[in-house]
Amino acid sequence: IFFLKYSYYITMNINYVRECARLLATHQKRISCAESATAGHFCSSLSLMPESGKILIGGVVCYDADVKTSLLGIPKEFIDEFTPESSEVTRALVESLPKFFKSEVYLAITGLVSPGGSETPEKPVGTIFIHAKIDDKHYSVRQVFSGSPEQIVLQAVNRAAQCIADALMESESH
């Protein structure tokens, strides 16, 4: 049963990632990422796609708040005010990426995949924050997922890919 559940999440994840990669390539956009809760799984998933060499620039895993501060320059006071797992910090991570990477799409993912972070009744374990900047337009998602930490990470990767794909498809219609 575990294998079937795991296979389901992998399949679901790869299908959205595949579409995201295809749309990034079609739109000739490259992506850079700052991943906290997903710990590099988004970039890793993109690297498996045939378009990866055309679309994936790089990423930073910033699981610990100290990495967000020391490497990415997010002020400790800002993290203390909003918590490392918040929409505000996730957006700040996106804003820090152009110092390291040149791309048209920037993505950050933070959240709570297991107990021990900044969870509250309003922000339970499973809460994920996604922020994307495509050209100069911002997209934010806050979503609560359920399951094991592994399942939450895979669902977050899937949702981030869906967010980018939806934004790129939206731009086609304008």
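None of these values were measured; they are calculated from a predicted model. (Residues numbered from 1 in each chain as written. Predicted model: local features only at pLDDT ≥ 70, side-chain atom pairs only at ≥ 80, totals over all residues. Heavy atoms only, no water.)

With respect to the confidence of the model for the chain
Working step 1: Per-residue confidence for the chain gives a mean pLDDT of 92; residues scoring 70 or more make up 92%.
Working step 2: Every residue in residues 1-11 is under pLDDT 50, and counting partners more than four places away or in other chains gives eight contacts. (pLDDT = per-residue confidence, 0-100. Contact = heavy atoms within 4.5 Å.)

Considering the nonpolar core
Working step 1: Core analysis: the biggest nonpolar cluster contains 36 residues, and Leu24, Ile31, Phe42, Leu107, Ile128 and Ile164 have the highest contact counts within it.
Working step 2: Going through the elements one at a time, helix H1 (2-26), strand E1 (31-35), helix H2 (41-47), strand E3 (105-111), strand E4 (127-134), strand E5 (137-144) and helix H7 (149-172) are the ones with two or more residues in this core.
Working step 3: Not counting residues within four places of it along the chain, the set of residues in contact with Ile31 comprises Leu24, Phe42, Leu46, Ile55, Leu56, Ile57, Gly58, Ser103, Val105, Leu107 and Ile164.
Working step 4: Judged by nonpolar contacts, the second largest core, of 14 residues, contains Ala34, Leu97, Phe101 and Tyr106. (Core = buried A, V, L, I, M, F, W, Y, C linked by side-chain atoms within 4.5 Å. Buried < 20%, exposed > 50% of the residue type's maximum accessible area, 1.4 Å probe, protein only. Helix = DSSP H or I, 4+ residues; strand = E, 2+ residues; numbered from the N terminus.)

Concerning the pairing of E3
Working step 1: Counting buried residues along E3, seven of its seven residues qualify, which places the element largely inside the surrounding structure.
Working step 2: With burial as the criterion, each face of E3 is covered, one bearing Val105, Leu107, Ile109 and Gly111 and the other bearing Tyr106, Ala108 and Thr110.
Working step 3: Two elements, E1 and E3, share five bridges in a ladder whose sense is parallel. Residue pairing in the sheet places Ala34 in a bridge with Ala108 of E3.
Working step 4: With seven bridges connecting them, E3 and E4 associate as antiparallel partners. Among the inter-strand pairings, Val105 is bridged to a residue of E4, identified as Ile134. (Pairing = 2+ DSSP bridges.)

Quick notes on the pattern of salt bridges
Working step 1: Inspection of every chain in the model, using the stated rule, returns seven salt bridges.
Working step 2: A salt bridge links Glu19 to Arg22; the nearest nitrogen and oxygen atoms lie 2.7 Å apart. Note that Glu19 and Arg22 are positioned in helix H1 at a spacing of three residues, about one turn of the helix.
Working step 3: Using a relative accessible area of 27% as the deciding quantity, one classes Glu19 as partly exposed.
Working step 4: The class of Arg22 is partly exposed, set by a relative accessible area of 38%.
Working step 5: Among the salt bridges present, the one from Lys29 reaches Asp135, with a minimum N-O distance of 2.8 Å. Residue Lys29 is located in the loop between H1 and E1, and its partner Asp135 is located in the loop between E4 and E5; the two are separated by 106 residues in the primary sequence.
Working step 6: Under the relative-accessibility criterion, Asp135 is labelled partly exposed at 42%.
Working step 7: Where salt bridges share partners, they join Arg91, Glu95 and Lys133 into one cluster. (Salt bridge = Lys/Arg side-chain N within 4 Å of Asp/Glu carboxyl O.)

A few points about the sheet that holds E4
Working step 1: Spatially, E2-E1-E3-E4-E5 is the arrangement adopted by the five strands of the open sheet, whose pairing is mixed. For this open sheet the edge positions go to strand E2 (56-61) and E5, each flanked by a neighbour on one side alone. The sheet shows a mean angle of 10 degrees between the axes of neighbouring strands, direction not considered.
Working step 2: Sheet contacts for H7: E1, E3, E4 and E5; angle to E4, the most-contacted strand, approximately 30 degrees. (Axes fitted to C-alpha atoms, helices over the stretch in contact; angles between N-to-C directions.)

Considering the environment of Ser114
Working step 1: Take Ser114: it is sitting in the loop between E3 and E4.
Working step 2: The class for Ser114 is partly exposed, based on a relative accessible area of 29%.
Working step 3: On a C-alpha basis, the gap between Ser114 and Lys29 in space is 33 Å, while along the polypeptide they are 85 residues apart.
Working step 4: Setting aside chain neighbours within four positions, we find Ser114 in contact with Glu119, Val125 and Pro149.

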